[in-house]
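What follows is the residue order along each chain.
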Amino acid sequence: MSLKLSVLDQSPIAEGMSPETALKNTVELAKYVEELGFSRFWVSEHHDTNTLAGSSPEVLIAHLAAKTEKIRVGSGGVMLPHYSAYKVAENFRVLEGLNPGRIDLGIGRAPGGMPRASLALNNGSYRDVNQYPEQIDDLLGYLTDELPENNPYEGLQASPIVSTKPDVWMLGSSPSSAMLAAQKGLPYTFAQFINGEGGPQYTNDYRKNFTPSPFLDKPKNMAAVFVICAETDEEAERVASSIDLSIIMVEQGMSSKGTPSPEKAAAYQYSPFERARIVENRKRMVIGNPQKVKKQLLELSEQYQTDEIMLVTITYDFEDKLKSFKLVADELL
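Description of the structure in this document. Quick caveat, the model's predicted, so the values are computed rather than measured.

Cut-offs applied
- Residues numbered from 1 in each chain as written.
- Predicted model: local features only at pLDDT ≥ 70, side-chain atom pairs only at ≥ 80, totals over all residues.
- Heavy atoms only, no water.
- Buried < 20%, exposed > 50% of the residue type's maximum accessible area, 1.4 Å probe, protein only.
- Helix = DSSP H or I, 4+ residues; strand = E, 2+ residues; numbered from the N terminus.
- Pairing = 2+ DSSP bridges.
- Axes fitted to C-alpha atoms, helices over the stretch in contact; angles between N-to-C directions.
- Parallel < 35°, antiparallel > 145°, perpendicular 65-115°, else oblique.
- Left-handed = near helix turned anticlockwise from the far one by under 90°.
- Contact = heavy atoms within 4.5 Å.
- Nonpolar A, V, L, I, M, F, W, Y, C, P; charged D, E, K, R; others polar.

1. Considering the pairing of strand β8 (residues 285-288)
Next, step 1: Residues Met285 and Ile287 line one face of β8 and the alternating positions Val286 and Gly288 line the opposite face, and both faces are buried.
Next, step 2: Pairing between strand β7 (residues 221-229) and β8: 4 bridges, direction parallel. Bridging from a neighbouring strand, Cys229 pairs with Gly288 of β8.

Shown next as structure tokens:
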């Protein structure tokens, strides 16, 4: 089976690394995976964190598109409940006008940060996630210049009025997000790197309940998963120990200055509970030598009934990250 590979990069900051370097690494990675033959490169939205530098996907997308030539670039994703659907439509129409046929607008409803960041983004008000389905309708209406007649902004256009439109993707890690994507007739990406349970079933429900729309006539989906590949299983485990410890620290609210080194992870005294959590969290990951990773990614593509898998790779050493993508590409592209 032919499998397309894509990338979601969160601009991770390793211990001792500056945010500026993390952003520079994201740009270098986009150029690198384009040369390797990857299909698309998405960047995320996270706020009020010392461990991830990607807080403004729209700005980063513009820079990435200018630094690459053909790979699709997009958001993984814009957290729509924080924003005006109208402004998001205008941002992405500008991006599409600058880069016709290359822009993906991935949207989600997660906060992307702690409650104080959500309050600050909403000028002191609480997010109303119940309005998310209506926001999606508004966003699609602005992108197609087809707001319904009962919309209070009927006739309002999101400028510039460009000749093409970005591809809109719905992102999620729950059964409700899958069903909403089906109802709206949009492509769906399940974030297995966030939730290691239920993804194939939720995605199957999405396909069974899909309603065609002006954006998509039949269901289209992919899955995003943590991947770390090295020449040997032992080396992959060493590199992956950094993300194992990093997730444990996040889960327990420990202070973090970025992705820890494998040496720090090796020295850490894990409790029995933490070791059990690592086993559970590995359901979100594919880790191993090139042949093992290839086998597992092909199995995932069958489980999700998709020809595209999105890789999320976080390592302490940027060179380990580049090597991981190269080894996977050599096996599958």
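After presenting the structure, the write-up continues.
2. What to know about the packing of helix α8 (residues 233-251) against helix α10 (residues 272-281)
Next, step 1: At a minimum axis separation of 10 Å, α8 and α10 run at an interaxial angle of 115 degrees. By the angle class used here, α8 and α10 are roughly perpendicular. Remark: the crossing between α8 and α10 carries right-handed chirality. In this structure, α8 contributes Asp244, Ile247, Ile248 and Glu251 to the contact, and α10 contributes Glu274, Arg277, Ile278 and Asn281.
Next, step 2: Classifying every residue of the contact of α8 with α10 by side-chain character gives 3 nonpolar, 1 polar and 4 charged.

3. Description of the side chain of Thr259
Next, step 1: Inspection of the secondary structure puts Thr259 in the loop between α8 and α9 (262-267).
Next, step 2: Taking the relative accessible area as the measure of exposure, Thr259 reaches 4% and is therefore buried.
Next, step 3: Those residues within four positions of Thr259 in sequence are excluded, and the remaining contacts are Pro12, Ile13, Ala14, Glu15, Ser242, Ile314, Thr315 and Tyr316.

4. So, the packing of helix α3 (residues 85-98) against helix α5 (residues 132-144)
Packed helices, taken two at a time, are described by the angle their axes make and the gap between the axes.
Next, step 1: For the pair α3 and α5, the least separation of the axes is 9 Å and the interaxial angle reads 40 degrees. Taken together, the axes of α3 and α5 lie oblique to each other. By crossing handedness, the relation of α3 to α5 is classed as right-handed. Seen from α3, the contacting residues are Ala85, Tyr86, Val88, Ala89 and Arg93; seen from α5, they are Gln135, Asp138, Leu139, Tyr142, Leu143 and Thr144.
Next, step 2: In terms of residue class, the contact of α3 with α5 is made up of 7 nonpolar, 2 polar and 2 charged.

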